[in-house]
Amino acid sequence: MPKNIVEMEIEAAIAELPDTKTLRLKWPENYDPSFKTGQFITVYWPDTPKYKRAYSLSSCALDKGYFEVTVKRDGKMGTRIVDWAAAGDKLFVIPPVGRFLPVYEDKKHLVCVAGGSGVTPFRGFAREATYRELRTRITILYSVRTTNDIIFNQEFRELEEKNPHFKFNVTCTRLAEEDPWSGRRGRISADWIKSIATDMENTVFYACGPTALVEGTEQLISKELGLPKEQLKLEKWG
Amino acid sequence: MSSLVPDHLKYAKTHEWVKVEGDTATIGITDHAQAELTELVFVELPAISRNLKAGEACAVVESVKTASDIYSPITGEVIEVNEALVDNPGSVNTDAYSDGWFFKMRLSDPGNLDELMSAEEYKVLIGS
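Residues numbered from 1 in each chain as written. Chains lettered and ligands numbered in written order. Predicted model: local features only at pLDDT ≥ 70, side-chain atom pairs only at ≥ 80, totals over all residues.

All right, on to the sheet that holds strand β2 (residues 16-21) of chain B then. All names here are of chain B. In spatial order, the strands read β1-β2-β3-β9-β8-β5; together these 6 strands make up an open sheet with antiparallel pairing. For this open sheet the edge positions go to β1 (10-11) and β5 (51-52), each flanked by a neighbour on one side alone. Pairing analysis gives 5 bridges linking strand β8 (residues 76-81) to strand β9 (residues 103-107), with the strands arranged antiparallel. By the bridge assignment for β9, V78 is matched with M105. (Pairing = 2+ DSSP bridges. Helix = DSSP H or I, 4+ residues; strand = E, 2+ residues; numbered from the N terminus.)

Here the focus is the environment of B:R50. Here B:R50 lies in the loop between β4 (40-44) and β5. Remark: the alpha-carbon pair of B:R50 and B:M105, spanning 55 residues in sequence, is separated by 9.4 Å.

Glancing now at helix α5 (residues 211-224) of chain A. Residues and elements named next belong to chain A. In a regular helix each residue adds 1.5 Å, so 14 residues correspond to 20 Å; α5 covers 19 Å between its end C-alpha atoms and thus fits that length. Of all the residues in α5, the buried ones are L213, V214, T217, L220 and I221. Mapping the buried residues of α5 onto a view down its axis gives an arc of 125°, with all of them on the same face. Exposed residues lying more than 90 degrees from the buried face of α5 are A212, Q219 and K223. Buried residues belonging to α5 abut β7 (109-115), β8 (137-144), α4 (190-196), β11 (203-209) and β12 (232-236). Two residues or fewer after α5 comes G226, characterised by a positive phi angle close to 70°. (Expected span 1.5 Å × (residues − 1). Buried ≥ 20, exposed ≤ 12 C-beta atoms within 10 Å, placed from the backbone. Arc of directions from axis to C-beta. Contact = placed C-beta atoms within 7 Å.)

Listed in full, the buried residues belonging to helix α1 (residues 75-84) of chain A are A:G75, A:M77, A:G78, A:I81 and A:V82. All buried residues of α1(A) fall inside an arc of 130° around its axis, so they share one side. Exposed side chains of α1(A) directed beyond 90 degrees from the buried face belong to A:D83 and A:W84. Residues of α1(A) that are buried sit in contact with β2 (20-26), β4 (53-56) and β5 (66-72) of chain A together with β6 (57-63) and β7 (67-71) of chain B.

All names here are of chain A. Assigned domains of chain A: these are domain 1 (6-97) and domain 2 (109-236). Its C-alpha centre places domain 1 at a distance of 24 Å from the equivalent point of domain 2. With 14 residues of domain 1 at the interface, the matching set in domain 2 holds 14 residues. Of all the secondary structure elements, the ones that give two or more residues to the side of domain 1 that touches domain 2 are β1 (6-17) and β5. For the side of domain 1 that touches domain 2, the residue count by class is 5 nonpolar, 7 polar and 2 charged. (Domains from an automatic or database assignment. Nonpolar A, V, L, I, M, F, W, Y, C, P; charged D, E, K, R; others polar.)

So, on to the environment of B:I79. Residue and element names in this part refer to chain B. Take I79: it is sitting in strand β8. Its 14 C-beta neighbours within 10 Å are what place I79 among the partly exposed residues. Between the alpha carbons of I79 and T66 there is a distance of 28 Å; along the sequence they are 13 residues apart. If we skip the residues at most four places from it in the chain, I79 touches I48, K104, M105 and R106.

Strand pairing in a sheet is mediated by backbone hydrogen bonds. Such pairs are either parallel or antiparallel. All names here are of chain B. The sheet built from 3 strands is open, its strands ordered β4-β6-β7 with antiparallel pairing. The open sheet has two free edges, formed respectively by β4 and β7, since each of these has just one partner strand. Strand-to-strand twist of the sheet, defined as the mean angle between neighbouring strand axes without regard to direction, takes the value 25°. Bridging between β4 and β6 involves 4 bridges; their strand directions are antiparallel. Its bridge partner lying in β6, V43 is registered against V61. (Axes fitted to C-alpha atoms, helices over the stretch in contact; angles between N-to-C directions.)

All right, on to the packing of helix α2 (residues 120-131) of chain A against helix α3 (residues 153-162) of chain A then. Residue and element names in this part refer to chain A. With their axes 10 Å apart at the nearest point, α2 and α3 run at an angle of 30° to one another. In terms of axis orientation, α2 runs roughly parallel to α3. As for the relative orientation of α2 and α3, their crossing is left-handed in sense. For the pair α2 and α3, the contacting residues are R123, A126 and T130 in the first and E155, F156, L159 and K162 in the second. Grouping the constituent residues of the contact of α2 with α3 by class yields 3 nonpolar, 1 polar and 3 charged. (Parallel < 35°, antiparallel > 145°, perpendicular 65-115°, else oblique. Left-handed = near helix turned anticlockwise from the far one by under 90°.)

Here the focus is the pairing of β7(B). Walk down a regular strand and you will see the side chains alternate between the two sheet faces. Residues and elements named next belong to chain B. With respect to burial, β7 is a largely interior element, 4 of its 5 residues being buried. Bridge analysis of β6 against β7 gives 5 bridges, and the strand direction is antiparallel. Bridging across to β7, A59 finds its partner in I70. Here β6 folds back onto β7, and the loop between the two strands holds 3 residues.

One broad rule of soluble globular proteins: the nonpolar side chains tend to lie buried together. Formed by 50 residues in total, the largest nonpolar core has its most connected members in A:I41, A:Y55, A:V69, B:V18, B:I70, B:F102 and B:M105. Ranked by the residues each element gives to this core, the list is headed by β4(B), at 4 residues. Setting aside chain neighbours within four positions, we find B:I70 in contact with B:E16, B:I29, B:C58, B:A59, B:V60, B:V61 and B:F102. One finds A:C112, A:C208, A:V214 and A:L232 within the second-largest nonpolar core, a separate group that totals 36 residues. (Core = buried A, V, L, I, M, F, W, Y, C linked by C-beta atoms within 7 Å.)

Laid out in structure tokens, this is it:
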């Protein structure tokens, strides 16, 4: 086994939604890796070493002593984690890598487009900015089917209270007409993005989630808004 | 990097390729699809003798990043599956059009083939 792969115990397995669970993976003693908010880890079970899955960290680089990943019931790994993973179980972890990194500069506005469990890395973005009391603006535009599909709703609302530069906006795409939800409905549109990103020059767009949402966002931003690719960071999940 | 799209195959919008030889069709996923999925770690194949309709979900692939259904591009009966993929799903990444084939079908409605795309049409779809 390569030296950089580490066995970690699941310290907590937290049900976020009926089909979504957060695993808190406890670092072993004297383990203090260098990593960045927004990166992903790759995990596998001891009994299936060839079968690996990568998950974005939903914790941030200032959360020491553990990694958190938030997993939807999807495929064999997602099903095993959501239905069976429990505190005390062990997973092997390949340390964080990836370039989906927040640009924490005072003048910047990070507009984070997410679909489904694609919101998980943005929890890390918002946490770090809030812990460090940064002035970087962060706005999440989160597309879910219904209000029952919003991951981290309470934590994002609490972060909004603590951090005046952070906003969490949800749009529901498949709500029944009679649903009492008073927030936005429908898909993420160019008009909605334009109303949020008023200083395009200093905006960095992030998109994370299913391929259709990420590619749709790429089209909106590069074609309809005419922004260069350097202002757009993508994390596609296929 | 542009994806490989061999001229002699037909393609479905859902990124499967089809190679027709007589009344038999070999099916796999395209180079573009494997690149989007990234490293495959699991493949579930359809049962032999299963009758499939065009567009029916019939196999599953899972990569390090995601899990996806694979759809039958044509109507017919599954007559052979590539068992080697179960032990070595990565061969789809290394050779999507040869060792990485998924299953073979006996065509029951050759008219289905007209609904598939040519290599040129598929290149337009994927922007290659």
